[in-house]
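Working through the structure, step by step
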Amino acid sequence: MTFPDFPECTSFGEDLDEAVDNAHEALAMFLEDRLQGGELLPDPSKKKVLLAQPENEGKKAINISVEGDGSDFEEFEMVMHVHLLARIEKYCRQYGVSPADFLAAASRLAIKTDIFAA
């Protein structure tokens, strides 16, 4: 996904749901960084105006709303067996990802495949 108001910020996903999840996270982190650097942000472009431009013919526009001040992310407490946590941490070290990124990816996959459906 691209952000017309911030062309240097991009994200992607294997499907639309993942792309939208990643877009929220990418834009929130991007804006937080810019605001901490003292930059002024432009007014958001209007969806109708963007879609009317010839270069955007056939494209879709999705509203991504973030605060950009750090409040888009929330810490929470979680309890799991120490053995499973150790396996997660080992996997994360092996692939160079954070446990938070691992759990976010696992959560998206669980939702996408509807693993708890009867």
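Throughout, residues of each chain are indexed from 1 in the direction in which the sequence is written. Since the coordinates come from a predicted model, pLDDT governs what is reported: local features require at least 70, and pairs of side-chain atoms require 80 or more to be given and counted, while whole-chain, interface and lining totals use all residues. Side-chain descriptors were evaluated using all non-hydrogen atoms of the structure, hydrogens and water having been removed beforehand.

**Details of the UniProt feature "domain: HicB-like antitoxin of toxin-antitoxin system" (unreviewed entry) in the chain**
- The UniProt record marks residues 2-106 with the feature "domain: HicB-like antitoxin of toxin-antitoxin system" (unreviewed entry), using the residue numbering of this structure.
- A helix here means a DSSP run of H or I that spans at least four residues, while a strand means a run of E at least two residues long, and both kinds are numbered starting from the N terminus. Secondary structure across residues 2-106 divides into 47% helix and 0% strand, with the first and last C-alpha atoms of the span separated by 24 Å. UniProt positions are given in the numbering used here, feature names are shortened, and annotations may be inferred rather than shown by experiment.

**As for the packing of aromatic side chains**
- Centres within 6.5 Å make a pair out of two Phe, Tyr or Trp rings, where for Trp the six-membered ring is used; the pair is then stacked when the planes are under 30 degrees apart, edge-to-face when over 60, and tilted otherwise. Applying the stated criterion across every chain, the model contains three aromatic pairs.
- Pairing Tyr91 with Tyr95 gives two aromatic rings, centres 4.7 Å apart and planes at 40°, and the pair type is tilted. Highlighted residues: Tyr91 and Tyr95, both in helix 3 (residues 82-95), separated by four residues, approximately one helical turn.
- Following the ring pairs from residue to residue traces out a cluster consisting of Tyr91, Tyr95 and Phe102.

**What about helix 1 (residues 16-36)?**
- Residue count minus one, scaled by 1.5 Å, sets the expected span of a helix. The end-to-end C-alpha separation of helix 1 is 30 Å, in line with the 30 Å expected for 21 residues at 1.5 Å each.
- Classification of residues uses two cut-offs on accessible area relative to the type maximum, computed with a 1.4 Å probe and protein chains only: under 20% is buried, over 50% is exposed, and between them is partly exposed. Ala19, Val20, Asn22, Ala23, Ala26, Leu27, Ala28, Phe30, Leu31 and Arg34 are the residues of helix 1 that are buried.
- Elements that come into contact with the buried residues of helix 1 comprise helix 4 (99-113).
- The definition of a polar contact used here is a pair of N or O atoms within 3.5 Å, where within protein one atom must be able to donate a hydrogen and the other to accept one, and adjacent residues in sequence count solely through side-chain atom pairs. The N-terminus of helix 1 is capped by Asp15, whose side-chain oxygen sits 3.3 Å from the backbone nitrogen of Asp17.
- Among the residues trailing helix 1, Gly38 stands out with phi positive, at a value near 80°. In this description, contact between two residues means that some pair of their heavy atoms is separated by no more than 4.5 Å.

**Some remarks on unusual backbone geometry**
- Notably, Asp114 is not glycine yet its phi reads approximately 55°, a positive angle.
- Take Asp114: it is sitting in the segment after helix 4.

**A word on helix 4**
- A rise of 1.5 Å per residue sets the reference length of helix 4, with its 15 residues, at 21 Å; its end C-alpha atoms lie 21 Å apart and thus fit the reference within 8%.
- Directly beyond the C-terminal end of helix 4, a positive phi value near 55° is found at Asp114.

**Here's the deal with the nonpolar core**
- With twelve residues, the main nonpolar core is built from Phe3, Phe6, Cys9, Val20, Ala23, Ala26, Leu27, Ala28, Phe30, Leu31, Ile64 and Val66.
- Filtering out sequence-adjacent residues up to four positions away, Ile64 remains in contact with Phe3, Val20, Ala23, His24 and Leu27. Think of a nonpolar core as a cluster: buried Ala, Val, Leu, Ile, Met, Phe, Trp, Tyr and Cys residues, connected wherever their side-chain atoms sit within 4.5 Å.

**So, the environment of Lys60**
- Looking at the secondary structure, you find Lys60 in the loop between helix 2 (47-52) and helix 3.
- Exposure remark for Lys60: the relative accessible area of 78% places this residue in the exposed category.
- Along the sequence, Lys60 and Leu103 sit 43 residues apart, while their C-alpha atoms lie 29 Å from each other.

**Here we look at the pattern of salt bridges**
- Take a side-chain nitrogen of Lys or Arg and a carboxyl oxygen of Asp or Glu: if they are within 4 Å of each other, that pair is a salt bridge. Scanning all chains against the criterion turns up five salt bridges.
- Arg108 is the salt-bridge partner of Glu25, the closest N and O atoms lying 4.0 Å from each other. Placement of Glu25 in helix 1 and of Arg108 in helix 4 is noted, with a sequence separation of 83 residues between them.
- Look at Glu25 and you get partly exposed, because its relative accessible area is 27%.
- Overall, the relative accessible area of 22% leaves Arg108 in the partly exposed class.
- As a salt-bridge pair, Arg34 and Glu39 come within 3.6 Å of each other at their nearest N and O atoms.
- Via salt bridges that share partners, Asp21, Glu25 and Arg108 belong to a single interconnected network.

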